[in-house]
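# Working through the structure, step by step
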Amino acid sequence: MAEKKDSATNDELILNILTKADVFTPEGGIKPSEYWAYRENVRIKYGLPECADKWDFPVSYIQKIEQLAKENKIEIRPKHEFQLFFEENKAGALTSKSVFRDNTIIAEQHQPDDWWALRARANQLSHEIVHALQNIMFPGMPDHIAEQEAYAYQQFNPGEIIYKSYSPEDIASWVNKTIPEWVATSLAVDNKLNQHDKIDE
Ligand SMILES: [Zn+2]
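Values in this document were obtained by computation on a predicted structure and should not be read as measured data.

One open sheet holds the three strands; their spatial order is S1-S3-S2, and the pairing between them is mixed. Because the sheet does not close on itself, it has two edges, and the strands there are strand S1 (75-78) and strand S2 (99-101). Across the sheet, the mean angle from the axis of one strand to that of its neighbour is 25°, orientation sign disregarded. Pairing of S1 with strand S3 (residues 104-107) involves four bridges; the strand directions are parallel.

Once that is clear, we can look at the packing of helix H5 (residues 115-137) against helix H6 (residues 143-155). Each packed pair of helices is defined by two parameters, the angle between the axes and the distance between the axes. Direction vectors running N to C along H5 and H6 enclose 140°, while the axes themselves pass 8 Å from each other. Here H6 runs oblique to H5, going by the angle between their axes. H6 is crossed by H5, and the crossing has right-handed handedness. From H5, Ser 126, His 127, Val 130, His 131 and Gln 134 reach across to H6, where they touch Ala 146, Glu 149, Ala 150, Tyr 153 and Gln 154. Taken together, the residues of the contact of H5 with H6 sort by class into four nonpolar, five polar and one charged.

What follows is about the packing of helix H3 (residues 58-71) against H5. Axis separation between H3 and H5 bottoms out at 9 Å; the angle between their running directions is 30°. Our classification of the angle between H3 and H5 gives roughly parallel. In this structure, H3 meets H5 at a crossing whose hand is left-handed. Residues Pro 58, Val 59, Tyr 61, Ile 62, Ile 65, Leu 68 and Ala 69 of H3 pack against Leu 118, Arg 119, Arg 121, Ala 122, Leu 125, Ile 129 and Ala 132 of H5. For the contact of H3 with H5, a count of residues per class yields 12 nonpolar, no polar and two charged.

In this section: the pairing of S3. Residues in a regular strand point their side chains to alternate faces of the sheet. In this structure, S2 lies alongside S3, joined through three bridges in antiparallel fashion. Following the sheet pairing, Val 99 is matched in S3 by Ile 106. Taking the residues between adjacent antiparallel strands as the criterion, S2 and S3 are bridged by two residues, where Asp 102 takes a positive phi near 50°.

The phi torsion at Lys 73 lies on the positive side, around 55°, for a residue other than glycine. One can find Lys 73 in the loop between H3 and S1.

Bringing the nonpolar core into the picture now. In terms of nonpolar packing, the biggest core is built from 40 residues, with Leu 18, Ala 69, Ile 105, Leu 125, Ile 129, Ala 132 and Ile 171 touching the most fellow members. For this core, the leading source of residues is H5, giving seven residues. Contact partners of Leu 18, with chain neighbours within four places excluded, come to Pro 32, Ser 33, Trp 36, Ile 161 and Ile 171.

Because the α-helix completes a turn every 3.6 residues, residues three or four places apart line up on one side. Counted at 1.5 Å a residue, the expected span for helix H2 (residues 32-45) with its 14 residues is 20 Å, and the 20 Å between its end C-alpha atoms agrees. Positive phi shows up at Gly 47, right after H2, with a value of about 65°.

Another point: H5. Over its 23 residues, H5 extends 33 Å from the first C-alpha to the last, a length consistent with the 33 Å expected when each residue adds 1.5 Å. Its axis deflected by about 30° at Ser 126, H5 carries its strongest bend there.

What counts, and where the lines are drawn
- Residues numbered from 1 in each chain as written.
- Predicted model: local features only at pLDDT ≥ 70, side-chain atom pairs only at ≥ 80, totals over all residues.
- Pairing = 2+ DSSP bridges.
- Helix = DSSP H or I, 4+ residues; strand = E, 2+ residues; numbered from the N terminus.
- Axes fitted to C-alpha atoms, helices over the stretch in contact; angles between N-to-C directions.
- Parallel < 35°, antiparallel > 145°, perpendicular 65-115°, else oblique.
- Left-handed = near helix turned anticlockwise from the far one by under 90°.
- Contact = placed C-beta atoms within 7 Å.
- Nonpolar A, V, L, I, M, F, W, Y, C, P; charged D, E, K, R; others polar.
- Core = buried A, V, L, I, M, F, W, Y, C linked by C-beta atoms within 7 Å.
- Buried ≥ 20, exposed ≤ 12 C-beta atoms within 10 Å, placed from the backbone.
- Expected span 1.5 Å × (residues − 1).
- Bend = angle between axes of the 7 residues up to and from the residue.

As C-alpha cells, then:
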C-alpha cells in the first residue's frame with residue numbers, strides 16, 4: 001500500500017518527461033510542465049492524496065477518499081439507489097458514470113471481488129471528490145473552472161504521465177486537446193442535468 005516511489009525521484013522523473021513534451025506544445029497552448037504545476041496546485045489546494053496508483057491499488061485510494069469525505073461530511077452513495085436518474089438521463093448525454101449533487105457523491109458501488117468496479121469507483125471518486133471539496137471551500141465556483149480542476153487532478157496524474165512517456169507528442173496533445181474536450185463534454189452534460197434535476201427528491 002505504500003507509495004511505490006520515493007517522491008523526490010518521482011518528481012524528477014515527471015519533470016523530465018514533461019520537459020520533453022513541452023517542445024510539442026501547439027502555438028498559444030499550455031506547456032505540459034506548466035499544466036503539471038497547475039495540477040499540483042489543485043491537488044494541494046484541496047488537500048488531496050496523489051491518485052497515481054488508483055488503477056493498480058484502487059482499494060487504498062478508495063479508503064483515502066472515503067476517509068477524506070467523512071472528515072468533510074460529504075456523503076458517498078451507490079449508483080443503484082439512483083438508477084432512475086441515470087436511466088432517465090442516459091439519452092441526455094449522461095456519459096459520466098458518477099455525479100456530485102447536493103453534497104453527495106454518487107459513484108460505482110464498492111465491490112471487493114470485482115476488480116473493474118473497484119477501479120471504476122476509484123477513478124470516479126478522484127473526479128467527484130474535487131467537486132465535493134470545491135462545493136465546501138469555494139461555493140459558486142464557475143462550472144468551467146470546477147471541471148478544469150477536477151479533470152486536471154483526475155487525469156494528469158503521475159501514473160498516466162509515466163504511462164504515456166513513450167510519446168511526448170501525445171502528452172502535449174493530451175493537455176491541449178483531450179483534457180479540454182473532456183471538460184467541454186462534461187459542461188454540456190451538466191447543463192442538461194441542471195435543466196431537469198431529479199436528485200433533489
Ligand atoms: Zn465534473
